[in-house]
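Descriptive analysis of the structure
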Protein chains: 2
Amino acid sequence: MLSNHLQNGIETARLVWSRLPNSDDEALDEVGLSKKSDGSRSESLDYEVIENNAYREEQAQRGKLMVGYYVGVKWFFALLIGIGTGLAAVFINISVENFAGWKFQLTFSIIQKSYVAGFLVYILFNLLLVFSSVYIVTQFAPAAAGSGIPEIKGYLNGVDTHGILLFRTLIGKIFGSIGSVGGGLALGKEGPLVHTGACIASLLGQGGSTKYHLSSRWLQVFKTDRDRRDLVTCGCAAGVAAAFRAPVGGVLFALEEVTSWWRSQLMWRVFFTSAVVAVVVRTAMGWCKSGKCGHFGSGGFIIWDISDGQEDYSFEELLPMAIIGVIGGLLGALFNQLTLYITYWRRNYLHKKGSRVKMIEVCLVSLITSVISFGLPLLRKCSPCPEVELNSSIECPRPPGMYGNYVNFYCGKDKEYNDLATIFFNTQDDAIRNLFSAKTIHEYSAQSLLTFLVMFYSLAVVTFGTAVPAGQFVPGIMIGSTYGRLVGMFVVNFYKKLNIEEGTYALLGAASFLGGSMRMTVSLCVIMVEITNNLKLLPLIMLVLLISKAVGDAFNEGLYEEQARLRGIPLLESRPKYQMRKMTAKEACGNKKVVYFPRVVKVADVVSILQSNEHNGFPVIDHTRNGESLVIGLMLRSHLLVLLQSKVDFQHSPLPSDPRGGGKPIRHNFTEFAKPVSSKGISIDDIHLSSDDLEMYIDLAPFLNPSPYVVPEDMSLSKVYNLFRQLGLRHILVVPRASRVIGLITRKDLLIEDNENSETVELQSTSVRAQRQDRKASVREADAEHPLLNGLLVKEYSSS
Amino acid sequence: MLSNHLQNGIETARLVWSRLPNSDDEALDEVGLSKKSDGSRSESLDYEVIENNAYREEQAQRGKLMVGYYVGVKWFFALLIGIGTGLAAVFINISVENFAGWKFQLTFSIIQKSYVAGFLVYILFNLLLVFSSVYIVTQFAPAAAGSGIPEIKGYLNGVDTHGILLFRTLIGKIFGSIGSVGGGLALGKEGPLVHTGACIASLLGQGGSTKYHLSSRWLQVFKTDRDRRDLVTCGCAAGVAAAFRAPVGGVLFALEEVTSWWRSQLMWRVFFTSAVVAVVVRTAMGWCKSGKCGHFGSGGFIIWDISDGQEDYSFEELLPMAIIGVIGGLLGALFNQLTLYITYWRRNYLHKKGSRVKMIEVCLVSLITSVISFGLPLLRKCSPCPEVELNSSIECPRPPGMYGNYVNFYCGKDKEYNDLATIFFNTQDDAIRNLFSAKTIHEYSAQSLLTFLVMFYSLAVVTFGTAVPAGQFVPGIMIGSTYGRLVGMFVVNFYKKLNIEEGTYALLGAASFLGGSMRMTVSLCVIMVEITNNLKLLPLIMLVLLISKAVGDAFNEGLYEEQARLRGIPLLESRPKYQMRKMTAKEACGNKKVVYFPRVVKVADVVSILQSNEHNGFPVIDHTRNGESLVIGLMLRSHLLVLLQSKVDFQHSPLPSDPRGGGKPIRHNFTEFAKPVSSKGISIDDIHLSSDDLEMYIDLAPFLNPSPYVVPEDMSLSKVYNLFRQLGLRHILVVPRASRVIGLITRKDLLIEDNENSETVELQSTSVRAQRQDRKASVREADAEHPLLNGLLVKEYSSS
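Residues numbered from 1 in each chain as written. Chains lettered and ligands numbered in written order. Predicted model: local features only at pLDDT ≥ 70, side-chain atom pairs only at ≥ 80, totals over all residues. Heavy atoms only, no water.

Within an unreviewed UniProt entry, the label attached to chain A reads Chloride channel protein, and the organism entered is Vitis rotundifolia. You can read under Subcellular location (unreviewed entry) in the UniProt record for chain A the words "Membrane". Heading Sequence similarities (unreviewed entry) of the UniProt record for chain A holds this comment: "Belongs to the chloride channel (TC 2.A.49) family." (UniProt positions renumbered as here; feature names shortened; annotations may be inferred.)

Let us look at the sheet that holds strand 8 (residues 697–699) of chain B. Residue and element names in this part refer to chain B. Read across the open sheet, the 3 strands follow the order 4-8-7; overall the sheet is antiparallel. Looking along the sheet, the strands with just one partner apiece sit at the ends: strand 4 (600–602) and strand 7 (650–651). Of the pairings in the sheet, the one linking strand 7 to strand 8 comprises 2 bridges and is antiparallel in character. Each bridged residue has a counterpart across the sheet, and for Q651 the counterpart in strand 8 is Y697. (Pairing = 2+ DSSP bridges. Helix = DSSP H or I, 4+ residues; strand = E, 2+ residues; numbered from the N terminus.)

What follows covers the UniProt feature "transmembrane region" (unreviewed entry) in chain A. Residue and element names in this part refer to chain A. Within this numbering scheme, the UniProt entry marks residues 75–96, 116–137, 231–254, 266–285, 318–339, 449–467, 473–495 and 507–531 as carrying the feature "transmembrane region" (unreviewed entry). End-to-end, the C-alpha atoms of residues 473–495 are 31 Å apart, and along that stretch the chain is 100% helix and 0% strand. Secondary structure content for residues 507–531 is 88% helix and 0% strand, and the end C-alpha separation is 10 Å.

Another aspect to go through is the packing of helix 14 (residues 428–436) of chain A against helix 16 (residues 473–495) of chain A. Residues and elements named next belong to chain A. Remark: helix 14 packs on helix 16, axes separated minimally by 10 Å, with the N-to-C direction vectors making an angle of 25°. Looking at the two axes, helix 14 sits roughly parallel to helix 16. You can see that helix 14 and helix 16 cross each other, and the crossing is left-handed. Packed against helix 14, whose contacting residues are Q428, A431, I432, N434, L435 and F436, the element helix 16 presents V474, P475, I477, M478, S481, T482 and R485 at the interface. (Axes fitted to C-alpha atoms, helices over the stretch in contact; angles between N-to-C directions. Parallel < 35°, antiparallel > 145°, perpendicular 65-115°, else oblique. Left-handed = near helix turned anticlockwise from the far one by under 90°. Contact = heavy atoms within 4.5 Å.)

Turning our attention to the sheet that holds strand 5 (residues 617–623) of chain B. Residue and element names in this part refer to chain B. The 3 strands lie next to each other as 3-5-6, forming an open sheet whose pairing is mixed. Where the open sheet ends on each side, the last strands, each with one partner, are strand 3 (597–598) and strand 6 (629–636). Summarising the sheet, strand 5 and strand 6 pair through 7 bridges and their orientation is antiparallel. The partner of F618 across the bridge, within strand 6, is M635. Sheet strands touched by helix 23 (residues 637–646): strand 3, strand 5 and strand 6. Its angle to strand 6, the strand with the most contacts, is close to 75°.

Per the stated rule, a full pass over the model turns up 50 aromatic pairs over all chains. Taking the centre distance of 5.3 Å and the plane angle of 85° together, the rings of F494 of chain A and Y495 of chain A count as edge-to-face. Consider the rings of F244 of chain B and F473 of chain B, whose centres lie 4.8 Å apart with planes at 75°: the pair is edge-to-face. Of this pair, F244 of chain B sits in helix 8 (residues 225–244) while F473 of chain B sits in helix 16 (residues 473–495), placing them 229 residues apart in sequence. By relative accessible area, F473 of chain B is classed as buried at 1%. The ring centre of Y709 of chain B lies 4.8 Å from the NZ or CZ of K719 of chain A, which sits over that ring. Looking at R168 of chain B, its charged tip hangs above the ring of F140 of chain B, at a distance of 5.0 Å from the centre. (Phe/Tyr/Trp six-rings, centres within 6.5 Å; stacked < 30°, edge-to-face > 60°. Buried < 20%, exposed > 50% of the residue type's maximum accessible area, 1.4 Å probe, protein only. Lys NZ or Arg CZ within 6 Å of the ring centre and 35° of its normal.)

Attention shifts here to the side chain of T343 of chain B. Residues and elements named next belong to chain B. Note on placement: T343 falls in helix 11 (residues 318–350). Judged by relative accessible area, which is 5%, T343 ranks as buried. Dropping the residues within four chain positions of it, T343 is found in contact with F464, Q563 and L566.

All names here are of chain A. In the contact formed by helix 11 (residues 318–348) and helix 17 (residues 502–518), the axes pass within 7 Å of each other and the chain directions differ by 40°. With respect to their mutual orientation, helix 11 and helix 17 come out oblique. Crossing geometry of helix 11 relative to helix 17 is assigned as right-handed. Here P320, M321, I324, G325, G328, G329, L331, G332, A333, F335 and N336 of helix 11 lie close against helix 17, whose contacting residues are Y505, L508, G509, S512, F513, G516 and S517.

Tallying each qualifying case throughout the model produces 30 salt bridges over all chains. One salt bridge in this structure joins E502 of chain A and R485 of chain A, with 3.0 Å as the shortest N-O distance. Taken as a pair, E502 of chain A in helix 17 and R485 of chain A in helix 16 lie far apart in primary sequence, 17 residues in all. Each member of the pair, E502 of chain A together with R485 of chain A, is buried. When the shortest N-O distance is used, the salt bridge between R519 of chain B and D553 of chain B registers 3.2 Å. Taken together, the residues R519 of chain B in the loop between helix 17 (502–518) and helix 18 (522–532) and D553 of chain B in helix 19 (residues 538–553) connect sequence positions 34 residues apart. For R519 of chain B, a relative accessible area of 6% corresponds to the buried category. Overlapping salt bridges bring together R519, K549 and D553 of chain A as one network. (Salt bridge = Lys/Arg side-chain N within 4 Å of Asp/Glu carboxyl O.)

Now the structure itself:
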């Protein structure tokens, strides 16, 4: 009866595995992928209905009810993510704008009397904000430092960094951003907003934070990694959509830059989330326009409208634009390289000395930033205001306490402005708006722009990697638009044409620097178009991005990839490495010994094996009646640990149990197997077993993955890589070459019609269709004759 | 020595297989995918460098030279595709605009004297153009009928429809479009432009058309299906970019709607192609503005600028907008269903009667269209012109022979216009411009719009599927904007607000109908934004699309999917069907007997096997010394046919040949194995062999795919489906469960660093990195000790 046991074992495994909330990506392929199978209209739960009648009916009924609930909750969550991220963005924006607004208003009013006092107030204000940020981050939420995009990218690639999606990280990110951006550091709030969106999505996905008693049971429907990843993808898109008010850019950012596995169904939901964010932000802006968000409330939502700028371009301009692209590529690659070195040094020396050093470092950076941004404009001589055109809405100098160009700062006369202060002594959003602005030819001197470029570039490099939430988008735009405007000045002088606007070149410069640093293409292009609200420059932005990305790629990898590597997040690239062609699957496994389990295993053996190695998956091997061995599946470490901890499945007999053959039923609540988000799960050292327990046995059959993906030992590693990467696996079994072929699956075998489409099927007239119909019939016959796994059994019977 | 033979056989297979220009997608995975492996900077040729030293060095040298050439040609082709598609679009546009312009000018000048004569001239002009189109299509290029998008979609999904990418199809498509669109039928030129782009790309990819002696040897570098598919993807994007002047929309269209396998590297090249198209079209437009393209030359490039329209929206408007979404979903789904029935009827009854019936049908449709578009406005009473505002640039009635609103047609007085003629008796581009136009409240009566909606909808349904090139975008926009404007009229009346523009609702209606019919999301959204040059309505377009797609999905599939199914193009959807969960791989194979070859096979056996079945792939099985059988690979039918045709590899001995053991070398020119694009390839019936030939043998080892993907027999079919679909396979071997596990591949095993990045590797400090370094070292040792395939050999030696 051993072969019967084998059969029952594998069938039980199929049944149970399909209900496990698997915490492994591989599980995800078994259950998660197969789950989305009933056409594009609805998405069903992860119940693999098996041939056992008693179970099938029950499951079918449960399934139908759950399907509706599951789909509903999915879309409801997308809505919630959109609303949540939108509100978080509005909150951060209003706070930053108000803090910065008060700061500059206060400083400007004090410097009317004393520049020294104004200087001190300015420094203190900045220091206070920055310190609050670094304090929150170091003491409360260490994972909130940096932009968070490399970590999120890693998460969606399959590497879970500890703590990045916790509730405390969310809080730290939101309040930390307010402090660091409001405190005038050379960083932006856009990267952190992407992280914020991801945190909100992940917390919703696990039904709230368990630690802070905010969880809700009815929201806990998403237990597979796949569902959580989908939610986090939505969150990323929502973050970009909120940060730039660029809903399409958000979708593309999530698609191009963040996710590793993308399905067209997901696009649809991500799109919805972005649309919700757009509506929320727009509503908040309408509300702010009436003055309810403080004096400076409405300024922070990035739209650098350049629609009154250059409408057209001529061929002569393509050369200077190409030059901008090259500069962007060079400066971007240099930025990546410098930040890489500095971050490396920080990680290995500076930040090892504890959080006090981190705080001192940030405060020092803040001090330097304040001194430079206040002090440098003081050294600069003011320029006289240009002659005012009649229709121009631009005032010179701008009225105190308002936004605008032509800042009067340390100027002797009334009708003068300080061009360096216009960009330096300002919030970054306004500085960019001033740099992009049209109809302001000759506002800036080349000297000021160059000074600003060098200083700000250095500040951005130094600030990157400090222990505060920091985005690279806005600093990148600042740097890029400065040299872009510089090039634009020369073009205006050289071509002497009237329709050339320096602001257009500033925009192209911004695109080129971001392209050269982050190496995004389509998403960046769309984001640039959406934030400038101008479609006419699209071909130019494309051109500049193409050049800058190509130049940058010649030197190093993109910013996020470099940072992910530095942080030890091993991203699997979309393409296999060159060397892999020469290697086989067997060589990749090296000389490691494969540790496997028999089907029924002694608890003591499990414990000793789990303690002696770090593997996360173990093949399970059983024997047929005549002694042949057979790989029956893959057991995950995490599931083994749950079994050891709960002990309910321990048995005294070393023989397989059979739940349907009179044996004990499966006693587990399947949600126990779900791994909490962003935690390390249980460790073998946390589990304490008595000596009696150690003498007992576990039948692994119900809990293993019955059909992991396998490859023959001499398959080229690049093929294996593609399989691994495309399907998002965690384990592949390497097995010997097969001795015989049971069948061949081709496209035709996989074309099975839905029953509901039978009307359409009857319309079909081609030969392919006819064949398919035949196939369908024959499959059904086979289905009726042979229950599942008969193939295996037939072989066993014949061999026994 | 048999096991040595086995070893040599498989090694030879590896070597040769890697050089075959495989005409199968599976090949594509073996060679094509593994080929893109040296980082993101360059892409290398398909040489799988093997362990054999003699070959390796030669290949390495050839490889490096070829890599540069290959990458250069790839980008050069992207440039050419962009230029070619851009020029084709410009040509079609100018031709259509000029024909249509002359037609309307002539008609308008004649109806000043006699409406009957004008009517006849109008009908004749249309009939002539349409007849030229249908004549070209039926007599010369039958594959040019319809939009071509379903066929291209099928091609990129892996199904090659005969003739869709030929040179004659390209010519037929271009001239056919000019006739059918210029002839005023209810169809558009956008779908055909996508097909045109794909044809241009494919012809470039095969180095010109061999039949028309336009081929060039140095362009023939792309021999794998994968490269060709990449080019066709670029062509599709170029087509959309040219048709709508929407470069980003083109990229997204290619991504969302057309391709089945997408890689981020491809996005980059597609993006470049789109940018080139944008520049070409813009240059041509600048050239046309100076009047060099004929009087009507500049009007055809779709930009329906609505930037002077509604700037803002209020919450009360969301309800009517949702209603537009629902209407769009319903009418779109109805359109899909009606066209499905009519196309089915046409395919099975009408069009079976030969091309004369097709021609008569199209001419009849043209006649009806002309009568309705001329006759219906005659029945409509003219309305008096609205009072002219001071600043308005809109004249009423428009000057004769010009574009614009307020067409004076069959009106008694001078200051009157015919609202039905304004949309009906016009080119579709202008009609849409008039429907979208702002500041023209109450231009149309509800009665006229409703009449137009019903008539045009019916015409579009009837015209769809006739034997002329026909796109659905512009008719869809026409239909949608009509009911959108209708809803807009009610909203204007109901809310009595001044800032509501009917044109905005027309735009949303257009989006909703396209969403309800084609079911695109992000790409459609971006295209709508790009053609209207207005970003402010983006959230509203998103909302409307979400609703209309959801409503449409409740009834049927998207237009292209339905049409593809009807045409017998079996598209593999991205998700497995629900039933597949219950099935195993073995069941999918059914009871079909597996036909396999031994390694050395008699020619007569090959011929009889190829004649007796239709399989495209055959497993090859060899025996080890002690009689164990072993699957050594998969042989493709197409390659067998090449072998049979050339006969150079026939041998007298039934023993395996060994090219390095003193046997004969491989005599084949590898390009022989490339299948020409869009041809059926050779058939077994075309090959004639003498009786002497039939008695000879072929050693298949050099030509087989040595490691096809395998799955265990009891793997669930949904998992198999994912494997098949994600990797774009054509064959999967179903094998018995393995008896043992040689190793386990995990993420860590696949993280191998490039040597060139060694500097960065040294920076790594985390534990994962350290482990990786160890792994790398051990892999290299293993590599040095055991040459390739040793695993197999060791097993053999031990068993013998």
